[in-house]
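Take a look at the letters that make up each chain.
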Amino acid sequence: MPKELPTSWLDKAPAKYDDDLAEMDDFFRGLAEKYIRETPDLRQQSLAQLRDWIAKHPHIRRVRTDAPFLLRFLRTKKYNFINASKQLERYLAVRMLHRKYFERLDVEDPEFGALIGSGFLVPMPERDAKGRTVIFSTAKDVDAERFTVHQLSRAHFLLMEVLNDSNEFQCGGFVSVLDFSGLTMAHVNLVGVNDIRLQVNVSANATPVRAQEMHFINAPSLLTTAINLVMKLTSEKLRNRIFFHQSWDELYARVDKSLLPKEYGGSVPMEKLVADFKDRCRELRPQLLANDEMELEVTKDSEYWQESSDLELESGAIGSFRKLQVD
């Protein structure tokens, strides 16, 4: 049953703030203390500070102020207020300036629902021993003649929006496994240079997530070379979180195969994973669609307008990789 939203859902200064948070077990509470330096007092003080900043922000018109949403940014930036508030502002700006990449996250839409139904991207039900969510992606059943790069981008954004209100995802982070078996030139041609620049910029600066590891399996040599060239410009810490595997046995040495779909060594069939994910999307549908109404006034003299108008390679793709922070 879809959750009914309060009338104050996007009120930037509601009469009463929503502090409803699910309880965390001792394991994830320990992760939050160790890696994010979170304490109950720091959490409440930081939420109050960020809410005050939002209420006084001259260009924010409508935004979520509930605790799960704001903690995405505070936890990703380890409670550094300046960094967290800047990331929130950027998150709103990219939603305003690039709507076709990030809005209409509706699995009831026939075309978008078909993309999600292809198994392009699914969260696994069990976390690994370190508490990290495992995300699995494969393009082999994605019809490159049917779907667009905007729909692919929206699928990634949908997944993050669905997962990112949970304490476990925010504190444990995630591991991605990307299977490139069956990738064709038609798939490659879906994505242009400007699309890549935008996605890298958004991932680096505007996405409040804690990426822990990324595993590429059976990636074509050209793709491997391109990724390695870009990764040479990043920090050693980030490079150490990117892995290329030429066989499934290589992957299994790093990722517990029991956590993957049944077709790849686990226990849950892809068909059920897709169905369960679509059910979660339907349950959150009112929230996902209402989020499209968040609003930040982006003036033509703002840094965000300029970035959107002129994504140069240095300040775009490569520049963003240089600035990408990992914890």
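Source: prediction; values computed, not measured. (Residues numbered from 1 in each chain as written. Predicted model: local features only at pLDDT ≥ 70, side-chain atom pairs only at ≥ 80, totals over all residues. Heavy atoms only, no water.)

Asks: Explain the packing of helix α2 (residues 40-56) against helix α3 (residues 67-76) to me, using residue names and the numbers behind them.
Replies: The description of two helices packed together rests on the angle between their axes and the distance between the axes. Look at α2 against α3: their axes get within 10 Å of each other, and the N-to-C directions meet at 100 degrees. Classified by the angle between their axes, α2 and α3 sit roughly perpendicular to one another. Of α3, the residues touching α2 (which contributes R43, S46, L47, L50, R51 and I54) are A67, L70, L71, L74 and R75. Among the residues forming the contact of α2 with α3, the class breakdown is 7 nonpolar, 1 polar and 3 charged. (Axes fitted to C-alpha atoms, helices over the stretch in contact; angles between N-to-C directions. Helix = DSSP H or I, 4+ residues; strand = E, 2+ residues; numbered from the N terminus. Parallel < 35°, antiparallel > 145°, perpendicular 65-115°, else oblique. Contact = heavy atoms within 4.5 Å. Nonpolar A, V, L, I, M, F, W, Y, C, P; charged D, E, K, R; others polar.)

Asks: Can you explain α3? Please cite residues and give values.
Replies: Of all 10 residues in α3, 10 are buried, a share of seventy percent or more. Those residues of α3 not exposed but buried are A67, P68, F69, L70, L71, R72, F73, L74, R75 and T76. Summarising the contacts, the buried residues of α3 are in contact with α2, α4 (81-97), α7 (149-163) and α8 (167-172). The backbone nitrogen of F69 has a side-chain oxygen 3.2 Å away, supplied by the residue at the start of α3, namely D66. Following α3 by one or two positions, K78 has its phi on the positive side, about 55 degrees. (Buried < 20%, exposed > 50% of the residue type's maximum accessible area, 1.4 Å probe, protein only. Polar contact = N/O pair within 3.5 Å; in protein donor to acceptor, adjacent residues only side chain to side chain.)

Asks: Give a detailed account of the environment of N291, specifying residues and quantitative values.
Replies: Along the chain, N291 turns up in the loop between α15 (285-290) and β7 (295-296). Residues N291 and W9 lie 282 residues apart in sequence; the distance between their C-alpha atoms is 9.1 Å. Those residues in contact with N291 that lie beyond four places of it in its chain are W9, R64, R95 and E161.

Asks: Give me the packing of aromatic side chains: which residues, what numbers.
Replies: For the structure shown, the criterion picks out 13 aromatic pairs. Arranged with centres 5.7 Å apart and planes meeting at 15 degrees, the rings of F180 and F216 form a pair that is stacked. In this pair, F180 sits in the loop between β4 (174-179) and α9 (185-188) while F216 sits in strand β5 (residues 211-217), placing the two residues 36 residues apart along the sequence. A residue is classified by how much of its surface remains accessible, and F180, at 17% relative accessible area, is buried. With a relative accessible area of 7%, F216 lands in the buried category. (Phe/Tyr/Trp six-rings, centres within 6.5 Å; stacked < 30°, edge-to-face > 60°.)

Asks: Explain the sheet that holds β4 to me, and be specific about the residues and the numbers.
Replies: Read from one edge to the other, the open sheet built from 5 strands follows the order β2-β3-β4-β5-β6, with strand pairing classed as mixed. The open sheet has two edge strands, β2 (121-123) and β6 (242-245), and neither has a second partner. Neighbour to neighbour, the strand axes of the sheet diverge by 15 degrees on average, direction disregarded. Relative to β5, β4 runs parallel, the two being bridged by 6 bridges. When the bridges of β5 are listed, L178 appears paired with F216. Strand contacts of α7: β2, β3 (133-138) and β4, with the helix running at about 10 degrees to β2, the strand carrying the most contacts. (Pairing = 2+ DSSP bridges.)

Asks: Any chance you could break down the pattern of salt bridges for me, citing the residues and the numbers?
Replies: Tallied over the entire structure, the rule returns 22 salt bridges. A salt bridge links E297 to R61, with the shortest nitrogen-to-oxygen separation between them at 2.6 Å. Of the two residues, E297 sits in the loop between β7 and α16 (303-309) while R61 sits in strand β1 (residues 60-62), which places them 236 residues apart along the sequence. Each of the salt bridges in this network shares a partner with another, and the network as a whole consists of R64, D66, R72, E161 and D165. (Salt bridge = Lys/Arg side-chain N within 4 Å of Asp/Glu carboxyl O.)

Asks: Quick one: what's the story with the pairing of β3, residue by residue and with numbers?
Replies: Taken across its 6 residues, β3 has 6 buried, putting it largely inside the fold. The side-chain alternation of β3 yields two buried faces, one formed by T133, I135 and S137 and the other by V134, F136 and T138.

Asks: So what's going on with the environment of D179? Which residues, and what values?
Replies: Relative to the assigned elements, D179 resides in strand β4. With a relative accessible area of 3%, D179 lands in the buried category. Here the alpha-carbon distance between D179 and F216, two residues 37 residues apart in the chain, equals 6.3 Å. In this structure D179 touches F136, S137, T138, A139, I217, N218, W248 and Y264, once residues within four positions along its chain are discounted. There is a polar contact of 2.7 Å between the side chain of D179 and the side chain of S181.

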